[in-house]
Amino acid sequence: MSDFMLKTERIRKMVLLFLISGSNEPSSRACMDGWQIPQGLSFHSRQRFKLHVVLLVVGGLILLFGTFGVSDFVCAENRGLPGDVVVVKNENAMIRILLKGMKAHKSYFSFYYPKIDKDFIKYKTKSSGYQSFLEQLSKKDGYITGILSGSCITVCGDNPKYVTFQFGYLTTKRQEKRINRKVRSIAKKIGKGTQVQKAKKAHDYLITHMRYDKRYYSPYHAFTKGRGMCMAYALAYQRILQEMKVPCIYIKGKNHAWNMVKIGSCWYNVDVTWDDAGGGYRYFLKSDAEFPGHKRPASRWLRSIRKAKRSYPIWKLNRNFSF
């Protein structure tokens with residue numbers, strides 16, 4: 001008998017014991033595998049006994065579902081799947097596990113849920129390279145998808161089918177730990193104020209502490225060397241704003257990278273790299289009409305978001321911040 005079935009049987013016996021403990025019939029005071037209800041207990045003693053059983057049942061449920069998870073306790077082998085395939089309830093459950101693993105820089109994942117192959121056929125039909133699925137991940141965490149150096153998604157198997165994911169990253173797990181410490185320190189210094197103020201403080205911080213250098217493209221270089229090209233600027237900005245809970249999107253065009261930031265109900269364009277080169281706020285919280293030289297990649301998601309029709313009136317903000 002499997003460990004899961006053993007735990008289930010124990011919980012079943014606990015529940016039966018609780019039920020018969022409320023009966024006054026002598027025949028109900030039975031012994032089950034060594035669990036015997038004490039005889040001659042007072043009313044209050046019986047109540048305490050039932051409370052103890054309830055606690056045992058709750059503890060058993062926590063043990064069962066805390067170990068296996070409500071949706072993931074089915075073994076892959078029982079469905080005719082390879083042993084490394086993670087069985088989940090639906091796509092949302094898969095995405096949660098996927099993002100958690102990506103944050104730990106895992107490079108390989110394998111998942112199954114009912115009709116997963118049909119979902120990914122739709123994703124492939126919508127865009128090449130499953131880009132529309134990667135956008136689903138970007139909506140949850142734009143930084144982790146931004147630091148991907150490559151990805152490969154494959155529908156495998158015959159019946160049932162499952163999906164594998166392979167990812168490469170611009171940074172290492174050790175580098176990300178150092179980035180996390182640095183970003184938390186920055187957010188502690190500049191993370192107060194309105195959403196607009198936070199977006200501006202992060203913009204000003206990077207311009208103060210970075211220099212353009214086309215030799216470096218990783219956010220790790222942005223935070224440790226203070227140097228980088230547009231990707232490094234945009235990913236560093238993305239990471240800081242996510243830490244400060246400001247909605248932000250990392251945009252990677254054909255030859256350039258920048259960000260979009262949500263203020264209120266609208267999204268604005270921000271290019272920290274070009275502001276560092278030219279000075280001021282020429283490319284900060286701008287509408288599309290006042291953001292020349294930038295072309296977003298084809299994306300249903302980016303087309304669907306509500307974009308600001310007018311640039312944000314930056315002159316209203318106090319520009320005197322010190323770091």
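In the block above lies the structure referred to throughout.
Residues numbered from 1 in each chain as written. Predicted model: local features only at pLDDT ≥ 70, side-chain atom pairs only at ≥ 80, totals over all residues. Heavy atoms only, no water.

### Quick look at helix α5 (residues 131–140)
Owing to its 3.6 residues per turn, the α-helix brings residues three or four apart onto one side.
So, point 1. Of the positions making up α5, those classed as buried are Ser132, Phe133, Leu134, Glu135, Leu137 and Ser138.
So, point 2. The secondary structure elements touched by the buried residues of α5 are α3 (91–103), α4 (116–126), α6 (142–146), β5 (148–156), β6 (162–169) and α12 (300–304). (Buried < 20%, exposed > 50% of the residue type's maximum accessible area, 1.4 Å probe, protein only. Helix = DSSP H or I, 4+ residues; strand = E, 2+ residues; numbered from the N terminus. Contact = heavy atoms within 4.5 Å.)

### Structural notes on the pattern of salt bridges
So, point 1. Under the criterion given, the structure shown has six salt bridges.
So, point 2. The residue Arg296 makes a salt bridge to Asp288 at a minimum N-O spacing of 2.7 Å.
So, point 3. A residue is classified by how much of its surface remains accessible, and Asp288, at 37% relative accessible area, is partly exposed.
So, point 4. Sharing partners across several salt bridges, the network here consists of Asp213, Arg215 and Arg227. (Salt bridge = Lys/Arg side-chain N within 4 Å of Asp/Glu carboxyl O.)

### Re the nonpolar core
So, point 1. Met102, Phe120, Phe133, Phe165, Tyr237 and Val261 are the most contacted members of the largest nonpolar core, which totals 74 residues.
So, point 2. The greatest single-element share of this core, amounting to ten residues, is contributed by helix α10 (residues 230–243).
So, point 3. Phe133 has contacts with Glu91, Met94, Ile95, Leu98, Phe120, Tyr123, Ile153 and Phe165, leaving out every residue within four places of it along the chain.
So, point 4. Listed in part, the ten residues of the second largest apolar core include Ile249, Phe291, Leu302 and Ile305. (Core = buried A, V, L, I, M, F, W, Y, C linked by side-chain atoms within 4.5 Å.)

### Quick word on the side chain of Glu176
So, point 1. Take Glu176: it is sitting in helix α7 (residues 173–190).
So, point 2. Within the structure, the side chain of Glu176 is placed 2.8 Å from the side chain of Tyr143, a separation counted as a polar contact.
So, point 3. Setting aside its immediate chain neighbours within four residues, Glu176 contacts His105, Tyr143, Ile147 and Thr171. (Polar contact = N/O pair within 3.5 Å; in protein donor to acceptor, adjacent residues only side chain to side chain.)

### Section: the pairing of strand β9 (residues 248–252)
So, point 1. Within β9, four of the five residues are buried, which leaves it mostly tucked inside the rest of the structure.
So, point 2. By the bridge criterion, five bridges tie β9 to strand β10 (residues 257–263) in an arrangement that is antiparallel. Residue pairing for β10: Ile251 is matched across the bridge by Trp258. (Pairing = 2+ DSSP bridges.)

### Let's talk about the side chain of Lys200
So, point 1. Among the structural elements, Lys200 can be located in helix α8 (residues 195–209).
So, point 2. With a relative accessible area of 0%, Lys200 lands in the buried category.
So, point 3. There is a polar contact of 2.9 Å between the side chain of Lys200 and the side chain of Tyr281.

### Things to note about the state of the cysteines
So, point 1. If you walk through the whole model with that rule in mind, you get zero disulfides.
So, point 2. Looking at Cys152, it has no disulfide partner, and the nearest cysteine sulfur is the one in Cys156, 8.7 Å off. (Disulfide = S-S within 2.5 Å.)

### Re the sheet that holds strand β4 (residues 108–112)
So, point 1. The strand order across the open sheet built from four strands is β3-β4-β6-β5, with neighbouring strands paired in mixed fashion. On the outer flanks of this sheet lie β3 (86–87) and β5, each paired with one strand and no other.
So, point 2. One ladder, built from four bridges, connects β4 with β6; its direction is antiparallel. If you follow Phe109 over to β6, its bridge partner there is Phe165.

### Description of the sheet that holds β10
So, point 1. An order of β9-β10-β11-β12 is seen for the four strands of this open sheet, with the pairing classed as antiparallel. The sheet is open, and its two borders are formed by β9 and β12 (284–286), each paired with just one other strand. Strand-to-strand, the axes of this sheet are offset by a mean angle of 35°, without reference to chain direction.
So, point 2. Pairing geometry for strand β11 (residues 266–270) and β12, over two bridges, is antiparallel. Across the sheet, residue Val270 finds its bridge partner in β12, namely Phe284. (Axes fitted to C-alpha atoms, helices over the stretch in contact; angles between N-to-C directions.)

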